[in-house]
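Understanding the architecture of this molecule
The lines below spell out each chain.
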Amino acid sequence: MTYDQLPRVYLFGTGGTISFVAESRTDFANYSYQGRQLTIQEMLARVPEAQDVAEVLPEQVINVGSTEVYPKHWLTLANRINQQLSADAAAAGVAVTHGTATLEETAYFLNLTVLDSRPVAVTGAMRPPSAMGTDADNNLLDAIRIASSPNSAGRGALVVLNNEIQSARDVTKTDSYRVETFQSGHMGFLGYSDSDGQVVFYRRPERRHTSDSEFDVSGVDELPQVEIAYAYAGVDGIVVDALVAAGVKGIVAAGLGSGGSPSTFMAALRRAVAAGIPVVISTQVGTGRVLQTRRFVEEGYIVADNLHPKKARILLMLGLTRTSDPAELQRMMLEY
């Protein structure tokens, strides 16, 4: 086969369930125990149908389970994607394979730091390629198809599993084992990569992303340390005070309901603000906004709007590479 008429897609592998090999076809839980993983080249070889979709150029960027993905890996991956897209103006887009545990975080980081309108499609698998009924091969093919499609351009980083295309900003993992785990709450998914070979969209994300982003990480060696403090009934301020003492650069509070939390917890957050640490109020309930209420504004908090705590953390980390001004950080929370 020749690639003369096919779009060119760069395929970057990072590891995860989509790459692990188990000892048996019925192993859906212990497959990472032996630590045996396919390379991205081996994964691509399992899906010869991809040759009919695009000229695919695979590269192993990292190869770890997603619980071992750290901010340094985000920087490595984002910079590699930016470098490759900058070097190849004719490339159609990029596909990324990733473990599902932190996939939504990596995808949102790419949504904010890949400074190009061409598609970046991130996928993973809930069942390893060695298992019966694996979703690995189909998800990989879908990611390549989406990355090669001009319909995908200008929509930010995209997440695809189970034939559904999700916005990296809105999507979250909702189930520990089911293949339909990735959902976008009230926002809904963007479209389908379906069995007819079509990439079909029904809506477009409105918040700033990719080519409209202000976050250039090409010169960033390390991201500021931002931690999440989780609220619950009767929580005190021990964790928040410990984070302040440890010298963190920012705190995201995963609050109750609409963002409020027990008075002891909120008192510790006020002490953090008084110490000059930006505090973002998010909510752990899964959907809905945190509003700029009178109390939150008067006490100096930044609100996360409807960003999940983990994603508010990522945006705060990137925001702190540019400014420590609470008003500017609040602007970013509302624009991205």
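Residues numbered from 1 in each chain as written. Predicted model: local features only at pLDDT ≥ 70, side-chain atom pairs only at ≥ 80, totals over all residues. Heavy atoms only, no water.

Observations concerning the sheet that holds strand β6 (residues 164-167)
Strand order in the open sheet formed by 8 strands is β2-β1-β3-β4-β5-β6-β9-β10, with mixed pairing between adjacent strands. Of all strands in the sheet, those bounded by a partner on one side alone are β2 (55-60) and β10 (199-201). With direction set aside, neighbouring strand axes in the sheet form an average angle of 25 degrees. For strand β1 (residues 8-13) and β2, the ladder comprises 6 bridges, and the chain directions are parallel. Note that in β2 the partner of Leu11 across the bridge is Pro58. This element, helix α2 (residues 71-87), spans β1, β2, β3 (93-97) and β4 (120-123) of the sheet and lies at about 160 degrees to β1. (Pairing = 2+ DSSP bridges. Helix = DSSP H or I, 4+ residues; strand = E, 2+ residues; numbered from the N terminus. Axes fitted to C-alpha atoms, helices over the stretch in contact; angles between N-to-C directions. Contact = heavy atoms within 4.5 Å.)

A short note on the environment of Tyr301
As for its position among the elements, Tyr301 is in the loop between α7 (294-298) and β14 (302-303). Sequence-wise, Tyr301 and Arg270 are 31 residues apart; in three dimensions their C-alpha atoms are separated by 8.4 Å. Excluding its chain neighbours within four sequence positions, the residues that come into contact with Tyr301 are Met266, Leu269, Arg270, Val273, Val279, Ile281, Phe296 and Gln330. Among the polar contacts listed, one links the side chain of Tyr301 to the backbone nitrogen of Arg270, at a separation of 3.5 Å. (Polar contact = N/O pair within 3.5 Å; in protein donor to acceptor, adjacent residues only side chain to side chain.)

Focus on helix α3 (residues 103-113)
Among the 11 residues of α3, 11 are classified as buried, and the element is accordingly described as predominantly covered. Considered for burial, the residues of α3 that qualify are Leu103, Glu104, Glu105, Thr106, Ala107, Tyr108, Phe109, Leu110, Asn111, Leu112 and Thr113. Of the surrounding secondary structure, the elements contacted by the buried residues of α3 are α2, β4, β5 (157-161), β7 (172-173), β8 (182-183) and α8 (309-320). (Buried < 20%, exposed > 50% of the residue type's maximum accessible area, 1.4 Å probe, protein only.)

As for a nonpolar patch on the surface
A grouping of Tyr192, Val200 and Tyr202 is seen on the molecular surface, where their side chains present a nonpolar patch of about 300 Å² in accessible area. Mapped onto the secondary structure, Val200 falls in strand β10. (Patch = residues over 30% accessible without salt bridge, like charges linked within 9 Å, V, L, I, M, F, W, Y side chains within 5 Å. Areas by Shrake-Rupley, 256 points an atom, 1.4 Å probe, with all protein chains shown as cover. Salt bridge = Lys/Arg side-chain N within 4 Å of Asp/Glu carboxyl O.)

A look at the pattern of salt bridges
What the rule picks out here adds up to 22 salt bridges. A salt bridge links Asp241 to Arg271, with the nearest nitrogen and oxygen atoms 2.8 Å apart. On the criterion of sequence distance, the pair formed by Asp241 in helix α5 (residues 238-246) and Arg271 in helix α6 (residues 263-274) is long-range, its members being 30 residues apart. Here Asp305 and Arg289 are joined by a salt bridge, their closest N and O atoms 2.9 Å apart. Taken together, the positions of Asp305 in the loop between β14 and α8 and Arg289 in the loop between β13 (279-283) and α7 put the pair 16 residues apart, joining distant regions of the chain. Linked through salt bridges whose partners overlap, the residues forming this network are Arg208, Asp212, Glu214, Arg322, Glu328, Arg331 and Glu335.

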